[in-house]
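Spelled out, the chains give:
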Amino acid sequence: DTTVKQNPRYKLARVGKPVNLICSQTMNHDTMYWYQKKPNQAPKLLLFYYDKILNREADTFEKFQSSRPNNSFCSLYIGSAGLEYSAMYLCASSRRDWGNTQYFGPGTRLLVL
Amino acid sequence: AQSVTQPDARVTVSEGASLQLRCKYSYSATPYLFWYVQYPRQGLQLLLKYYSGDPVVQGVNGFEAEFSKSNSSFHLRKASVHWSDSAVYFCAVSMLGANTGKLTFGHGTILRVHP
């Protein structure tokens, strides 16, 4: 089974409110990633967990948090949503070795109003 | 900084026609190269990947891609497209280094195949 699951599939949030997105995988992958995808833009890596080590991209360091309570689950947390956070959020997992395939979930579409 | 360029935002072809989707990358060394596809309401799925060896690599569903070091390109091809190939196609690269596994994507090419 190469399924990556994301919940919820759609999320409506108010400006200033927190948002928590969930991702799970059962492939025992050591690495899990979160990407942000806006229309007509490339998916942008926000952060990734290698095992229990969190790596956040420099330009999104302050905006997103994440936790990985066990190997299978990973969350993406926005403390105070702004309009600019409206996007598709893609979770992926892989073994960390270079060139390994990343397996993607269907995404969570977040709309902030 | 490395980058990936997909110069065609949208491509429309007739069913049965041949297809080429272009991808160019900017990086001093040869990275790992990928093509992913995203069908409506689904996650990205790997079509094929390449690092070394025969510059023409075969993927799923009749897709292939050709690597050109001199052109820094990794174009995707299919001899005869089907309407079900309508999707968004992403080219991506991965560097060897501290962030091994991290993917840098192009903006994607929306492919529409009409009957």
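Preceding this paragraph is the structure being described.
Residues numbered from 1 in each chain as written. Chains lettered and ligands numbered in written order. Predicted model: local features only at pLDDT ≥ 70, side-chain atom pairs only at ≥ 80, totals over all residues. Heavy atoms only, no water.

S.K.: An account of the sheet that holds strand β8 (residues 73-78) of chain A is requested, with residue identities and associated values reported.
M.R.: All names here are of chain A. Here we have four strands laid out as an open sheet, ordered β1-β3-β8-β7, and antiparallel in their pairing. Looking at the sheet topology across the chains shown, the edges are occupied by β1 (4-7) and β7 (65-70). For this sheet, the mean angle separating the axes of adjacent strands, direction not counted, is 20 degrees. Both strand β3 (residues 19-25) and β8 contribute to a ladder of six bridges, which runs antiparallel. In the sheet register, Val19 faces β8, and the bridge partner there is Ile78. (Pairing = 2+ DSSP bridges. Helix = DSSP H or I, 4+ residues; strand = E, 2+ residues; numbered from the N terminus. Axes fitted to C-alpha atoms, helices over the stretch in contact; angles between N-to-C directions.)

S.K.: Go over unusual backbone geometry with me, naming the residues and quoting the values.
M.R.: Residue and element names in this part refer to chain A. In this model, Asn7 is joined to Pro8 through a cis peptide bond whose omega is -10 degrees. Within the fold, Pro8 resides in the loop between β1 and β2 (10-13). Here Asn40, not a glycine, exhibits a phi torsion of approximately 65 degrees, which is positive. As for its position among the elements, Asn40 is in the loop between β4 (31-37) and β5 (44-50). Positive phi, close to 60 degrees, is recorded for Asp51, a residue that is not glycine. Within the secondary structure layout, Asp51 lies in the loop between β5 and β6 (53-56). Assessed through its relative accessible area of 42%, Asp51 is described here as partly exposed. (Buried < 20%, exposed > 50% of the residue type's maximum accessible area, 1.4 Å probe, protein only.)

S.K.: Break down the layout of surface pockets for me, citing the residues and quoting the values.
M.R.: Of the pockets and cavities examined, the largest pocket occupies roughly 570 Å³. Lining of the largest pocket is provided by 23 residues; of these, Lys37(A), Arg109(A), Gln38(B), Val88(B) and Phe90(B) occupy positions nearest its centre. Partitioned by chemical class, the residues of the lining of the largest pocket number ten nonpolar, seven polar and six charged. In this structure, the second largest pocket occupies an estimated 260 Å³ of space. Taken together, 15 residues form the lining of the second largest pocket, with Ala42(A), Pro43(A), Lys44(A), Leu45(A) and Phe105(B) sitting closest to its centre. Here the lining of the second largest pocket is built from residues that sort into five nonpolar, four polar and six charged. (1 Å grid on protein atoms, 1.4 Å probe; cavity = no way out; pocket = protein on both sides within 12 Å on 5 of 7 lines; lining within 4 Å. Points joined across faces, edges and corners; volume = space filled by probe spheres on them. Nonpolar A, V, L, I, M, F, W, Y, C, P; charged D, E, K, R; others polar.)

These figures come from the coordinates and say nothing about function on their own.
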